[in-house]
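# Examination of the molecular architecture
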Amino acid sequence: MKRLPLSWGPKLGSLLAAGAVGLVAGFAVPLLGLLAAVGLELYFIGALIAHRRVGSRKLVGWAVFFATESAALAVHLGYRGFW
């Protein structure tokens, strides 16, 4: 549907899973959590580009996940005093 090769599916799924594990591991290693959050931001921006490239208007799921991940990044930055 998004015109991505089927071979990319497992790779993108692995990146998403690694980002989720990185966010959880960020409780113990803050830098790892920060890097995971930034990586997920890039992942979801790429997903938005893929959706818009094919003219998809089904962006509710993307928006929910992006907002949740952005909130995690904002909390992490605020908690660690980056702001």
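Residues numbered from 1 in each chain as written. Predicted model: local features only at pLDDT ≥ 70, side-chain atom pairs only at ≥ 80, totals over all residues. Heavy atoms only, no water.

A few words on the overall build of the protein. For the protein, the count of helices and strands is three helices and zero strands. From first element to last, N terminus to C terminus, the protein shows the α and β order α-α-α. Viewed in the frame of its principal axes, the protein has a C-alpha envelope of about 40 × 25 × 15 Å. Across the 83 residues in the protein, those meeting the buried criterion constitute 24%. A fraction of 54% describes how many contacts in the protein between residues 6 or more apart in sequence connect residues 24 or more apart. For the protein, the accessible surface area stands at approximately 5900 Å², while carbon and sulfur atoms represent 75% of it. (Helix = DSSP H or I, 4+ residues; strand = E, 2+ residues; numbered from the N terminus. Buried < 20%, exposed > 50% of the residue type's maximum accessible area, 1.4 Å probe, protein only. Contact = heavy atoms within 4.5 Å. Areas by Shrake-Rupley, 256 points an atom, 1.4 Å probe, with all protein chains shown as cover.)

Right, let's talk about the layout of surface pockets for a bit. Here the second largest pocket defines a volume of roughly 240 Å³. Along its surface, the second largest pocket is lined by ten residues, and Leu23, Gly26, Phe27, Ala72 and His76 are the ones closest to its centre. Secondary-structure elements contributing two or more residues to the lining of the second largest pocket are helix 2 (30-53) and helix 3 (60-79). Residues that form the lining of the second largest pocket fall into these classes: six nonpolar, three polar and one charged. (1 Å grid on protein atoms, 1.4 Å probe; cavity = no way out; pocket = protein on both sides within 12 Å on 5 of 7 lines; lining within 4 Å. Points joined across faces, edges and corners; volume = space filled by probe spheres on them. Nonpolar A, V, L, I, M, F, W, Y, C, P; charged D, E, K, R; others polar.)

Between helix 1 (residues 8-25) and helix 2, the least distance of the axes is 8 Å, while the angle of their chain directions is 145 degrees. The way helix 1 lies across helix 2 gives a crossing that is left-handed. Touching Leu12, Leu15, Leu16, Gly19, Ala20, Gly22, Leu23 and Ala25 of helix 1 are Leu32, Gly33, Ala36, Ala37, Leu40, Tyr43 and Phe44, all from helix 2. Partitioning the contact of helix 1 with helix 2 into residue classes produces twelve nonpolar, three polar and no charged. (Axes fitted to C-alpha atoms, helices over the stretch in contact; angles between N-to-C directions. Left-handed = near helix turned anticlockwise from the far one by under 90°.)

To continue, consider the packing of aromatic side chains. With the rule as written, the count across this model stands at three aromatic pairs. With 6.4 Å between their ring centres and 5 degrees between their planes, Phe44 and Phe65 make a pair best called stacked. Pair noted here: Phe44 is in helix 2 and Phe65 is in helix 3, with a separation of 21 residues, a long-range link. The exposure class of Phe65 is exposed, given its relative accessible area of 54%. (Phe/Tyr/Trp six-rings, centres within 6.5 Å; stacked < 30°, edge-to-face > 60°.)

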